[in-house]
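What the coordinates show
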Amino acid sequence: MKYLHLVWAALFRRKTRTLFTLLSILAAFLLFGLLDSVRMAFANAGGSIVGADRLVTMSKVSFTLSLPKSLLPRIQAVPGVAEVSYANWFGGIYQEPKNFFANEAVADNFLDLYPEWLMPEEQRKAFKATRTGAIVGQSLADRFHWKLGDKIPLQATIFAKKDGSNTWIFDLVGIYHVRDAKLKSQENLLFFNWDYFNEAAQFGGNSTVGWYAEKLADRGQADAVAQAVDRLSADSEHETKTQSEQSFTTALVSQFANIGLIVGAIMAAVFFTLVLLTGNTMAQAVRERVPELAVLKTIGFSNQSVLGLVLAESVLLLLLGGSIGVAVSGVVVNVVRARLGDQLPLAPLDSSIWLSGLALMVVIGLVVGALPALRGMRLRIVDALSGR
Amino acid sequence: MGSIMGRLGFGLAMMVAVVVPVILLTESPWWLVLAFVLLLALWMAFTRTGQQSWSVTQVGIATIPQRLGSSSVVVVGIAGVVGVLVALLSMAAGFETTLRATGTDDTVIVMRAGAQTELNSVVDHDTAVVVSQAAQVLHNPAGQPIASPELVVIASLPKISDGLDGNVEIRGVGEHAWELRPNIKVIEGRKFQPGLRELIAGKRAAGQFRNLNVGSSLRLNGQSWTIVGAFESDDSHDSELWGDTDVVGSTYRRGSSTSSVSMRLTGADAFEAIKAALTTDPRIKVDVTTTRTYYNQQSEGITRAIRVLGITVGVIMAVGAIFGALNTMYAAVATRAREIATLRAIGFRGLPVIVSVLIETMLLALLGGVLGAGIAWAIFDDYTASTLGSNFSQVVFAFKVSPVLLWGGLKWALAIGFVGGLFPAVRAARIPVTVGLREM
């Protein structure tokens, strides 16, 4: 620590070069922050811990196929199932297709399965009491400037109404929010009453449901309960597949693309370049300072100290540029999230991204510093001072 | 005061000197760039300043081996930018090409009014009959309209890659589907038999999901289906399984309704007429689009998303590479300071010095660009990937590294090299001769 000023002075010996190197490092870690945020957004979609005590039951053939509502009491009777609810995908469009958000018709106890969605009690009651009532997440309400009491028209893409019209109008009676920043994307949903959907839809209602959601009495029994639920409809023409919410989303996300692979490949290219670039800077810096290092040794610095000084310099260089880069990416992510909500899959930069970023900075710093530092350590004072 | 104005003026001039050529370069076609290079070569061969520039450039290039480490920073940095950019853009291009190839101008797809995709659309039997009787539909030699009522459904099957469930699209087709899409070739086995629970698998689907080889069987809703063949279409149908509309409909309990009706028109010019006729028919509520428009729309969202990602990543990496190049070239100019000062002392002007440093940087950049584009081409051309298409099922596509993309990547490389070389070049030309001679 006491040598910090020495390392600092060495680092800014050539201001322009250090500045340019810092800016390159900054760009690399800005990219690291942004890409890792994208990766986390996809990983979180499948990895939320809160959903671990919930199962979803869908048609085994495809989740686009609906299931009979008659399964409800039978699933309820399966030992280990604390509560069952059900929902239908609606797929309505608000004003124009690019405003896409998920909207679902849900049973009146659906919200009871999701304690992480917070909503005042009177709004819960209003939702149950209002036939055409709808509730939305806070982020979605902010995005379209909706407030309680607004009428929200949705254009049906799948379910026309019995009177032949495609326009469904809902009354906004509740707005829920999610406390955990990582789960904010769950605020981009609209729910309305399944009973209304079932009565008013031209076809597709018919007392069928898209999927069942079960809350487990005991998290450890997930597999046993899932098998018991699937046995109910085995060999019928409505075979089901029951899995944890988590494995359902993991499988769904894996279908978009192998995000991890793409991000990993880009990062590899970026950091390979970065190592070469900063390595070159450090090599130049040490080459220029050979006489100075020799002087340090002459006045009593040990070989190890010189090694440490050069390594510290390159780690400091990486930490400076990298931290600013990750910080900038944090600002960018926040601005984009505030502007566009969850249209772009970006997770807020949390401590885990910072930690892996810092670890990368230290490792790259040590790697690029190693050769120049060894060179500095092995200097023979006589040769260095005489310029050989 | 005067010096402040002078600095301001110099700054402005540099800005113009950076921005204008970069825009010109990125906007100009290859032949214009080639013409410029030829012009430059002529200038170097036949004018005095040009000849001076050439000799200074030669010295610069000849000394590159002495600065191999730092020169490779420019090459590798730019190779990274160009490689990542070309790879991501080739992904977008591949997806777009696959979907666009699926549509033509003389076939139309009819769906329920308001449905965005076939998966969301329901067309009942009566509507399908009315639609296929439109006057603009082409008839085959047997006198039947070439119209195929099609039902799009999804099956959830384990993928070969990770064993996780993925969605495969099953398309129930009518008997005229093969006349409607003459590009489809059966490459193994045979076509399905109407009325039987048989499927024929697209070659990309078979490569993506387990147990879709000819002869294997799969269970859908308690019923056993057999894969009897494989087909190839070189478009997005390659990712689908095809069966008989009526049989698929009964397994998926869809009665006699379908998702869409696809039809071949008497000609591309008949589209307006059939659209007007069907959308104003009071008996039915349908949307009519050419399949080209339909599949173009399907590709838009994902293509745009990948392009935005590619260009964002490319720009950030380019900024990093520019600073790397600046560092390298400033160092190069610094080590050659005395030599350059000597040249100017014996009468060389500033321009040859600027030109030589710029050419040296841009040659290194070009090398990096070729390297990056070459690596992207070697690894990613025809690399297959898949994503969820708008029918909520896997669309398999191949990355397409086209000459246009390669050229685009090279232009990025040249632009980065230009910006990274310009400032050191100007610095080299502006160091006072006396200072330069005393340097080191």
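Bear in mind the structure is a predicted one, so any value in this text is a computation, not a measurement.

What counts, and at which threshold
Residues numbered from 1 in each chain as written. Chains lettered and ligands numbered in written order. Predicted model: local features only at pLDDT ≥ 70, side-chain atom pairs only at ≥ 80, totals over all residues. Helix = DSSP H or I, 4+ residues; strand = E, 2+ residues; numbered from the N terminus. Rg over C-alpha atoms; globule rule 2.2 N^0.38 Å. Buried ≥ 20, exposed ≤ 12 C-beta atoms within 10 Å, placed from the backbone. Contact = placed C-beta atoms within 7 Å. Pairing = 2+ DSSP bridges. pLDDT = per-residue confidence, 0-100. Axes fitted to C-alpha atoms, helices over the stretch in contact; angles between N-to-C directions. Parallel < 35°, antiparallel > 145°, perpendicular 65-115°, else oblique. Left-handed = near helix turned anticlockwise from the far one by under 90°. Nonpolar A, V, L, I, M, F, W, Y, C, P; charged D, E, K, R; others polar.

1. A few points about the overall build of chain B
- Along chain B, the regular secondary structure elements total 14 helices and twelve strands.
- Its C-alpha atoms give chain B a radius of gyration of 31 Å, clearly above 22 Å, the size a compact globule of 440 residues would have.
- Every one of the 440 residues in chain B was classed for burial, and the buried ones make up 50%.
- Counting contacts in chain B only where the partners sit at least 6 residues apart, residues at least 24 apart contribute 83% of the total.

2. Some details on the pairing of strand 11 (residues 211–216) of chain A
Residue and element names in this part refer to chain A.
- The buried fraction of strand 11 amounts to five of the six residues, a majority that puts the element mostly inside the structure.
- Of the pairings in the sheet, the one linking strand 3 (residues 81–89) to strand 11 comprises six bridges and is antiparallel in character. Each bridged residue has a counterpart across the sheet, and for Val81 the counterpart in strand 11 is Leu216.

3. Considering the confidence of the model for chain B
Residue and element names in this part refer to chain B.
- Residue-level pLDDT values for chain B average 90, and 99% of them are 70 or greater.
- Averaged pLDDT values over the elements of chain B bottom out at 80 in helix 1 (residues 2–27) and peak at 96 in strand 5 (residues 198–202).
- Scoring the predicted complex yields pTM 0.86 and, for the interface, ipTM 0.84.

4. Side note on the packing of helix 4 (residues 68–102) of chain B against helix 12 (residues 350–380) of chain B
All names here are of chain B.
- At a minimum axis separation of 7 Å, helix 4 and helix 12 run at an interaxial angle of 40°. Judged by the inter-axis angle, helix 4 sits oblique to helix 12. Relative to helix 12, helix 4 is oriented so that their crossing is right-handed.
- Taken together, the residues of the contact of helix 4 with helix 12 sort by class into 17 nonpolar, nine polar and no charged.

5. Some details on the environment of Arg292 of chain B
Residue and element names in this part refer to chain B.
- Structurally, Arg292 is set in helix 10 (residues 291–335).
- On the basis of neighbour count, Arg292 is assigned to the buried category, with 20 C-beta atoms found within 10 Å.
- For Arg292 and Val75, which are 217 residues apart along the polypeptide, the C-alpha to C-alpha distance reads 42 Å.
- Arg292 has contacts with Gly103, Thr104 and Asp105, leaving out every residue within four places of it along the chain.

6. Quick notes on the interface of chain A and chain B
- Opposite the 42 residues of chain A that make contact, chain B presents 43 residues.
- At eleven residues, the largest contribution of residues to the side of chain A that touches chain B is made by helix 9 (residues 259–288) of chain A.
- Of the residues that constitute the side of chain A that touches chain B, the class distribution is 22 nonpolar, 16 polar and four charged.

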